[in-house]
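Spelled out, the chains give:
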Amino acid sequence: MVQMSGGDLSMSFDQERAYFKASCLEHDVPEMLGVLSDCALEDRSPIAINVAKQISKKMHQQNEAKMKVDPLEDPMPTVLNLAYGHQTLGMPLIGFESNLENLNAGTVVDFFQEHAVPSRIIFCASGVRNHSEFVQLVENATSRIPPPANTPKPRVKSRYKGGESRVFYDTPSASLSLCFESVPWAHPDMPLFGVLNGLLGSAKGFSMGGPGKGMYSRATQDIFHRYPFIEAVNTINTNFSDSGLFGLTVRGARANAKELSEVVANALVDLKRGVTDEELQRAKNIFKINISMAMEARDNRLEETVKNVFVRCKCSTKYSESSTKTSTWKWWMRCRRREFTAHCAVCRRRKEL
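Quick caveat, the model's predicted, so the values are computed rather than measured. (Residues numbered from 1 in each chain as written. Predicted model: local features only at pLDDT ≥ 70, side-chain atom pairs only at ≥ 80, totals over all residues. Heavy atoms only, no water.)

## Concerning the overall build of the protein
Going by this rule: Only DSSP runs of H or I with at least four residues qualify as helices, and only runs of E with at least two residues qualify as strands; both kinds are numbered from the N terminus onward. Residue contacts are counted whenever heavy atoms from the two residues lie within 4.5 Å of one another. The Shrake-Rupley method, run with a 1.4 Å probe, gives the accessible areas here. Residue values count only the displayed protein chains as cover.
Secondary structure summary: the protein contains 13 helices and eight strands in total. Intrachain contacts of the protein at a sequence separation of at least 6 include 75% that bridge at least 24 residues. Carbon and sulfur atoms make up 54% of the accessible area of the protein, which totals about 20,100 Å².

So this is what it looks like as structure tokens:
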């Protein structure tokens, strides 16, 4: 059906939700919705489970191969595990390979029956002209969902713990990440941390410009251009439904591994000393550009709408721009007090550190 319609069907997931996405021509919506609901809600057969287990093993093998090539490329799994421990947001995104043998058709069906309940499912569409017709199609597609036998278990709230971790790799480079707990996705200050992200920015050897980085960001001007041993600087700004992380990651030559901790600490301490009106306005402009570019794609707008419904129980994206316009020096003082009195999570990825 997907090939005949010329459409597209995909599934993605993050630390909190799974997304089933489809695109097609308008007259193929009923058929595509049926395919989408079958893929998302239909009981899995033992053959399908075995195939999925083999695919998952390949994913783990690919991840191991990437780690051998450059173990410092993606520090976020280590940072999240350090920040939240071996639970909730700290668990690996693709799970543990050792747990694959514990999965079978029964466990997968039980999992779906527990979590795939009407109160946790949202159908969202864009470009559908007849809303009532789409509602009827959704009701028909979800009629197969049996009522939950028990009350769905409430989601375990993520608790930030922080700490320090040192991971040793035999590489010519060293990497250090310093993070603080920020705010959840629905917090009023969440867009303002996007402004802070634009202020610090990111920089590396062959990509110092572009939206969200900025030639005049502090990562470029105060770190990358000042210290020749720095290879890359990235600002960490991620938000979840009940927590968030904000911080900085630097990567440099292993011979200067000890200086990396000073670079990160000084960059964050400098934020407490203030920010000029010019820097603040530039960061606000970068943040608004990032929002506009992200909302150009229809699937991104749709995903943003789903997140708003899940977290805020309403369809709105105007809060980001309005909150950005109210970013003032008073907000900066409040934000920096919150940020730098929190417990930090430090991830050192070279023994010389």
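There is more to say, and it comes next.
## Thoughts on unusual backbone geometry
In this structure, T88 takes a positive phi of about 45° despite not being glycine. With respect to the helices and strands, the residue T88 is situated in the loop between helix 4 (76-84) and helix 5 (105-115).

## Remarks on the packing of helix 2 (residues 29-41) against helix 6 (residues 131-142)
The test is simple: Helix axes are fitted to C-alpha atoms over the stretch in contact, other axes to C-alpha atoms as well, and angles between N-to-C directions run from 0 to 180 degrees. For any helix crossing, the convention is left-handed if the near helix is rotated counterclockwise from the far helix by under a right angle, and right-handed if that rotation is clockwise.
In the contact formed by helix 2 and helix 6, the axes pass within 10 Å of each other and the chain directions differ by 35°. Considering how the two elements wind past one another, helix 2 and helix 6 form a crossing that is right-handed. Contact with helix 2, carried on its side by V29, P30, L33, S37 and L41, involves F134, L137, V138 and A141 of helix 6 and no other residues of that element.

## Remarks on a nonpolar patch on the surface
Cut-off, in case you're wondering: Residues with no salt bridge and a relative accessible area higher than 30% make up the patches, which join like charges within 9 Å and nonpolar side chains (Val, Leu, Ile, Met, Phe, Trp, Tyr) within 5 Å. Any Lys or Arg side-chain nitrogen found within 4 Å of a carboxyl oxygen on Asp or Glu counts as a salt bridge. Partly exposed describes any residue whose relative accessible area lies between the buried limit of under 20% and the exposed limit of over 50%, with all areas from a 1.4 Å probe on protein chains only and scaled to the type maximum.
Taken together, M11, F13, I47, V51, I55, M59 and L93 make up a surface patch of nonpolar side chains, about 650 Å² in accessible area. Counting residues per element, the ones that place at least two in the nonpolar patch are strand 1 (8-13) and helix 3 (46-69). With respect to the element layout, V51 can be found in helix 3. The class for V51 is partly exposed, based on a relative accessible area of 47%.

## Considerations on the packing of aromatic side chains
The geometry of two aromatic rings is summed up by the distance between their centres and the angle between their planes. Stated formally: Note on aromatic contacts: the rings of Phe and Tyr and the six-membered ring of Trp form a pair at centre separations within 6.5 Å, being stacked when their planes are under 30 degrees apart, edge-to-face when over 60 apart, and tilted otherwise.
Applying the stated criterion across every chain yields a total of four aromatic pairs. Aromatic pair Y84 and Y160: ring centres 5.9 Å apart, planes at 85°, arrangement edge-to-face. Within this pair, whereas Y84 is found in helix 4, its partner Y160 is found in the loop between helix 6 and strand 3 (163-166), the two being separated by 76 residues in sequence. With respect to burial, Y84 and Y160 carry one shared label: buried. Between Y227 and F229 the ring centres are 5.7 Å apart and the planes differ by 55°, which places this aromatic pair in the tilted class. Exposure remark for F229: the relative accessible area of 14% places this residue in the buried category.

## Remarks on the pattern of salt bridges
Counted by the stated rule, this structure contains 10 salt bridges. The salt bridge partner of R17 is E16, with a shortest N-O separation of 3.8 Å. Put simply, R166 and E164 hold a salt bridge, and the shortest N to O gap is 3.2 Å. What makes R166 partly exposed here is its relative accessible area of 45%. The partly exposed category is assigned to E164, whose relative accessible area is 47%.

## Some thoughts on the environment of T220
Structurally, the position occupied by T220 is in helix 8 (residues 218-224). For the pair T220 and A203, spaced 17 residues apart in sequence, the C-alpha separation works out to 5.6 Å.

## Focus on the packing of helix 7 (residues 190-200) against helix 10 (residues 277-294)
Applied cut-off: Convention used here: angles under 35 degrees read as roughly parallel, angles over 145 as roughly antiparallel, angles from 65 to 115 as roughly perpendicular, and any remaining angle as oblique. Only Asp, Glu, Lys and Arg are considered charged in this grouping, and only Ala, Val, Leu, Ile, Met, Phe, Trp, Tyr, Cys and Pro are considered nonpolar; every other residue, Gly among them, is considered polar.
Running from N to C, helix 7 and helix 10 point in directions that differ by 110°, and their axes come no closer than 8 Å. Considering their axes alone, helix 7 and helix 10 lie roughly perpendicular with respect to each other. In this structure, the crossing between helix 7 and helix 10 has a hand that is right-handed. Taking contact as the criterion, the partners of P191, G194, V195, G198 and L199 in helix 7 are, on helix 10, E279, L280, A283, K284, I286 and F287. Partitioned by chemical class, the residues of the contact of helix 7 with helix 10 number seven nonpolar, two polar and two charged.

## What about the confidence of the model for the protein?
Selection criterion: One confidence number per residue, pLDDT, is output by the predictor and ranges from 0 to 100.
Across the protein, the average pLDDT comes to 80, with 85% of residues at 70 or higher. No element of the protein has a lower mean pLDDT than helix 13 (residues 329-340), which averages 47, and none a higher one than strand 7 (residues 244-253), which averages 92.

## Comments concerning the pairing of strand 2 (residues 18-23)
Which entries qualify depends on this criterion: Pairing between two strands requires that DSSP report at least two bridges joining them.
Direction of pairing for strand 1 relative to strand 2: antiparallel, over a ladder of six bridges. If you follow M11 over to strand 2, its bridge partner there is F20.

## Concerning helix 2
Side chains that are three or four residues apart share a direction in an α-helix, a result of its 3.6 residues per turn. As a reminder, the rule being used: How far a helix is expected to stretch is found by multiplying one less than its residue total by 1.5 Å. Read the arc as the range of directions from the helix axis to the C-beta atoms.
Relative to the 18 Å expected for 13 residues at 1.5 Å per residue, helix 2 spans 17 Å between its end C-alpha atoms, a close match to the ideal helical length. Those residues of helix 2 that fall on the buried side of the exposure criterion are V29, M32, L33, L36, S37, A40 and L41. Taken end-on, helix 2 shows its buried residues confined to a sector of 140°, consistent with a single buried face.

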